[in-house]
Amino acid sequence: MNDRLEKSPRIEVVDALRGFAVMAILLVHNLEHFIFPIYPLEPAAWLATLDKIVFDTTFFLFAGKAYAIFALLFGFTFYIQSYNQKIKGKDFGYRFLWRLLLLAGFATLNAAFFPAGDVLMLFVVVGVILFLTRHWSDGWVMALAVVCLMQPIELYHFIALKVNPQYMLPDLNVGAMYEEVAQVTKSGDFWDFILCNIGLGQKASFLWAVNAGRMMQTGGLFLLGFLLGRRHLFLGTPENIRFWKRILVIAAIAFIPLYILGIHYAGTEDAALSQVAVIFDMWHKLAFTFVLISGFVLIYYGTAFRNNAGLLRLYGKMSLTNYISQSIIGALIYFPIGLYLAPYCGYTVSLLIGIAVFILQLIFCRYWLSSHKQGPLEAIWHRLTWINS
């Protein structure tokens, strides 16, 4: 590819992969009732067993991984946009900062209906790392990505606790914030619900991401996605296929011990080891994320799946619209401001509802994109991004 002459073509496997990630996020969020943990009190024994299987399987496959794919592709998209401006002799960086500010508006819309569960505001804050590193060499970008993915905050706390047993971990008070948001959600008052979510809810969500290691991991994933774009590694060339095969093997091998160690340290009451637990939790999820990504890419290019993934590509093209609309739909289904079905929906029923919502969103994507180039929210974001150009 000639960086001086050719505009980057749309890479369809990325659309399909993004669609897969948003679908997986939708299924996980439905099982969680969009961070509203109200479930049937005494399900039948057979249903309780089925619910456990559904929960364990869905969370093992997608929880903490779907968002990671979404984050990695955010960095990849930044590269595509930067590159397309670079060949015109322009620096996309400052336009990107404006784009992040616009994303904060969409994040607030999403958070209004998703109590303490929005990830977009985290993307807004952490996204600045792409602006700061956009002119760095591949080596320096990769070095910073590794530092972020090593979970330096947790490593610092672990070392500090070992050096000084009196060291106190910072208390971000996330649990109390979530409880207050839950109480407002249970009240069923629409405007209290909205105002609490866009204020306290977003704060709780961001601080939870800091506590859970997601903030640093998100920065690392942004940078890795940026590098994947620079190296054109989502193109279906023989060299790239070999690359993704190597990644699949390495990630699969790394996942096993990391997962075992994550289980071993999970739930520890030791303050220092709790930081180790967070580190291994993030690392094993990162390894499995790359199992999913590499496996998806290899299946896409190596089987007939590529010819049958049209709807998934459409779903990925409207990822922002689908991500935000699923939060609104979920609130209306599960919360007291809507149908309040949460007490009647165990994990199995919730998964079926998530699948039904996914199918309805697919139908809407097909209808909308038959006469529009972008989804409704994507079009607004694009037009406002380039409003003064």
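This text goes with the structure placed above it.
Residues numbered from 1 in each chain as written. Predicted model: local features only at pLDDT ≥ 70, side-chain atom pairs only at ≥ 80, totals over all residues. Heavy atoms only, no water.

Visitor: Summarise the side chain of Asp15; cite the residues concerned and give the values.
Guide: With respect to the secondary-structure elements, Asp15 resides in helix α1 (residues 12-31). A residue is classified by how much of its surface remains accessible, and Asp15, at 2% relative accessible area, is buried. Beyond its immediate chain neighbours, meaning those up to four positions away, Asp15 contacts Arg10, Leu312, Arg313, Gly316 and Lys317. (Helix = DSSP H or I, 4+ residues; strand = E, 2+ residues; numbered from the N terminus. Buried < 20%, exposed > 50% of the residue type's maximum accessible area, 1.4 Å probe, protein only. Contact = heavy atoms within 4.5 Å.)

Visitor: Go over a nonpolar patch on the surface with me, naming the residues and quoting the values.
Guide: Judged by side-chain polarity, Trp98, Leu101, Ile380, Leu384 and Ile387 come together as a nonpolar surface patch covering roughly 450 Å² of accessible area. Among the elements of the structure, α4 (93-113) and α17 (376-385) are those that each provide at least two residues to the nonpolar patch. Its place among the elements puts Ile387 in the segment after α17. (Patch = residues over 30% accessible without salt bridge, like charges linked within 9 Å, V, L, I, M, F, W, Y side chains within 5 Å. Areas by Shrake-Rupley, 256 points an atom, 1.4 Å probe, with all protein chains shown as cover. Salt bridge = Lys/Arg side-chain N within 4 Å of Asp/Glu carboxyl O.)

Visitor: Please set out helix α14 (residues 310-317) residue by residue, giving values where relevant.
Guide: Among the residues of α14, those classed as buried are Leu312, Arg313, Tyr315 and Gly316. Down the axis, α14 shows its buried residues gathered within 160° of arc, on one side only. Elements in contact with the buried residues of α14: α1, α13 (271-302), α15 (319-334) and α16 (347-369). (Arc of directions from axis to C-beta.)

Visitor: Can you tell me about the packing of aromatic side chains, naming the residues and giving the values?
Guide: Scanning the entire structure with this criterion turns up 45 aromatic pairs. Their ring planes at 25° and their centres at 4.3 Å tell us that Phe55 and Phe59 sit as a pair that is stacked. With Phe55 and Phe59 both in helix α2 (residues 45-62) and four residues apart, this pair spans about one turn of that helix. Looking at Phe55, the relative accessible area reads 27%, which means it is partly exposed. Pairing Phe70 with Phe123 gives two aromatic rings, centres 5.9 Å apart and planes at 45°, and the pair type is tilted. Here the residue Phe70 occupies a position in helix α3 (residues 66-86), and Phe123 occupies one in helix α5 (residues 120-126), the gap between them amounting to 53 residues. As far as the burial class goes, Phe70 and Phe123 line up, both buried. (Phe/Tyr/Trp six-rings, centres within 6.5 Å; stacked < 30°, edge-to-face > 60°.)

Visitor: Describe the packing of α1 against α3, and please don't skip the residues or the numbers.
Guide: Where α1 meets α3, the axes come as close as 8 Å, and the angle between the chain directions of the two elements is 145°. You can see that α1 and α3 cross each other, and the crossing is left-handed. For the pair α1 and α3, the contacting residues are Val14, Leu17, Arg18, Phe20, Ala21, Val22, Ala24 and Ile25 in the first and Ala66, Tyr67, Ile69, Phe70, Leu73, Phe76 and Thr77 in the second. Counted by class, the contact of α1 with α3 contains 13 nonpolar, one polar and one charged residues. (Axes fitted to C-alpha atoms, helices over the stretch in contact; angles between N-to-C directions. Left-handed = near helix turned anticlockwise from the far one by under 90°. Nonpolar A, V, L, I, M, F, W, Y, C, P; charged D, E, K, R; others polar.)

Visitor: Quick one: what's the story with the side chain of Gln326, residue by residue and with numbers?
Guide: By the secondary structure assignment, Gln326 is in helix α15. Residue class for Gln326 comes out buried when judged on its relative accessible area of 1%. Ignoring sequence-local partners within four residues, the contact set of Gln326 consists of Val22, Ile25, Leu26, His29, Phe34, Tyr315 and Gln361.

Visitor: Go over the pattern of salt bridges with me, naming the residues and quoting the values.
Guide: The tally for this structure, following the rule as stated, stands at seven salt bridges. Here Asp15 makes a salt bridge to Arg18, at a shortest N to O gap of 3.7 Å. A residue pair is termed a helical-turn pair when its members lie 3 or 4 positions apart in one helix, as Asp15 and Arg18 do in helix α1 at three residues. In this structure, Asp15 and Arg18 share a single accessibility class: buried. Residues joined in a network through salt bridges with shared partners are Asp138, Arg230 and Arg231.

Visitor: Requested: an account of the nonpolar core, with residues and values cited.
Guide: The biggest cluster of nonpolar side chains holds 113 residues, and the ones touching the most others in it are Leu72, Leu103, Leu120, Phe123, Leu130, Phe234 and Ile293. With five residues, the next largest nonpolar core counts Ala116, Val174, Met177 and Ala204 among its residues. (Core = buried A, V, L, I, M, F, W, Y, C linked by side-chain atoms within 4.5 Å.)

Visitor: Explain helix α9 (residues 174-187) residue by residue, including any values.
Guide: When the terminal C-alpha atoms of α9 are compared, their 20 Å separation across 14 residues agrees well with the 20 Å that a helix rising 1.5 Å per residue should span. Turning to α9, its buried residues number three or more, namely Val174, Met177, Val181, Ala182, Val184 and Thr185. Taken down its axis, α9 places every buried residue within 165° of arc, on the same side. On the buried face of α9, the contacting elements are α10 (190-211). (Expected span 1.5 Å × (residues − 1).)

Visitor: Any chance you could break down the packing of α9 against α10 for me, citing the residues and the numbers?
Guide: Two quantities define a packed helix pair, namely the angle between the axes and the distance from one axis to the other. Close contact between α9 and α10 brings their axes to 9 Å; oriented N to C, the two are set at 155°. The pairing of α9 with α10 is recorded here as roughly antiparallel in orientation. Seen along the crossing, α9 lies across α10 with a hand that is left-handed. Contact residues: Val174, Met177, Tyr178, Glu180, Val181, Val184 and Thr185 in α9; Asp192, Phe193, Cys196, Asn197, Leu200, Gly201, Lys203, Ala204, Ser205, Leu207, Trp208 and Asn211 in α10. (Parallel < 35°, antiparallel > 145°, perpendicular 65-115°, else oblique.)

Visitor: Break down unusual backbone geometry for me, citing the residues and quoting the values.
Guide: Positive phi is not limited to glycine here, since His33 has a value of about 55°. With respect to the element layout, His33 can be found in the loop between α1 and α2. On the basis of relative accessibility, which here comes to 0%, the residue His33 falls in the buried class. Its identity is not glycine, yet Gln151 carries a phi of approximately 60°, on the positive side. Inspection of the secondary structure puts Gln151 in the loop between α7 (138-149) and α8 (152-163). Residue Gln151 is classed as buried on the basis of its relative accessible area, which comes to 0%.

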